[in-house]
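# A closer look at the structure
Residue strings, one per chain:
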Amino acid sequence: MKTATLTKAADNGVNVEALLGAREALKQAPPAAQFTWRANCQWFEGAHSRSTINGYFGLGEEQTRETGFDIESDHPALFAATDNAATPLEIVLAALASCLTGGVASIAQHRGVQLNSVHVAVEGDMDMSGVLGIDPDVRNGFSAIRVKFHIDADASATEIAGIVAQSQKRSAVYDIITNPGNVRTTIA
């Protein structure tokens, strides 16, 4: 008896073949999988700053993008700041949402699931008593983060849940937030 394999067609704008090819190439050459990502930040005044992102190290050599990227950061006026940009905390939440969304698109493409829309809402709870030095026993960062997906796709609820679970499992930002690594600070 022959078994037929049904392949779903999906076009979510992700080149899965290229991703799988890169995965296989890095599997064959593990040192090339070692990447160093960079951001440089310049202070303007108050809490306002701009981070610039361009070069990184990967595939055994320095890499440069055709276009660099800037991300500005500030604090709201209620904290005596100029409110010129999102707070660093909001940027972290946006990074988490973006990483998970990109994962959903890639995994859905790989599984042949057509996405119609994806919206991710992320909220982080924080007691400002810690970061403002009011209570040394209160954590400076988020006490809780909630991620809520709204996905319209040509798939069952079970398939969508599997895509979200795989995205979470492979998300670098999710891992950074839930399993913090070693951060070392130096002064030059």
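Definitions and cut-offs
- Residues numbered from 1 in each chain as written.
- Predicted model: local features only at pLDDT ≥ 70, side-chain atom pairs only at ≥ 80, totals over all residues.
- Heavy atoms only, no water.
- Helix = DSSP H or I, 4+ residues; strand = E, 2+ residues; numbered from the N terminus.
- Rg over C-alpha atoms; globule rule 2.2 N^0.38 Å.
- Buried < 20%, exposed > 50% of the residue type's maximum accessible area, 1.4 Å probe, protein only.
- Contact = heavy atoms within 4.5 Å.
- Domains from an automatic or database assignment.
- Buried area = accessible area lost by both parts, 1.4 Å probe.
- Salt bridge = Lys/Arg side-chain N within 4 Å of Asp/Glu carboxyl O.
- Polar contact = N/O pair within 3.5 Å; in protein donor to acceptor, adjacent residues only side chain to side chain.
- Nonpolar A, V, L, I, M, F, W, Y, C, P; charged D, E, K, R; others polar.

## Digging into the overall build of the protein
Secondary structure assignment for the protein yields 5 helices and 7 strands. Going from N to C terminus, the protein has its helices and strands arranged as α-β-β-β-β-β-α-β-α-β-α-α. Since a compact globule built from 188 residues should have a radius of gyration of about 16 Å, the 20 Å found for the protein marks it as more spread out than a globular shape. Taking the principal axes of its C-alpha atoms as reference, the protein extends roughly 70 × 40 × 30 Å. Here the protein holds 188 residues, and the buried ones make up 23% of them. Taking all contacts inside the protein whose residues are at least 6 apart in sequence as the whole, residues at least 24 apart take part in 52%.

## Considering the domain arrangement of the protein
Domain parsing of the protein yields domain 1 (16-85) and domain 2 (87-179). If you average the C-alpha positions of domain 1 and of domain 2, the two centres end up 18 Å apart. In total, domain 1 and domain 2 occlude about 630 Å² of area from one another, counting both sides; carbon and sulfur atoms represent 80% of this. Summed over the three residues of domain 1 that lose the most area to domain 2, namely V16, S73 and F79, the buried surface amounts to 53% of that side. Across the contact surface, domain 1 and domain 2 share 0 salt bridges. Where domain 1 meets domain 2, there are 0 residue pairs in polar contact (both at pLDDT 80 or more). Of all elements in the fold, only α1 (16-28) and β5 (69-73) reach the threshold of two or more residues within the side of domain 1 that touches domain 2. Here the side of domain 1 that touches domain 2 is built from residues that sort into 7 nonpolar, 2 polar and 2 charged.

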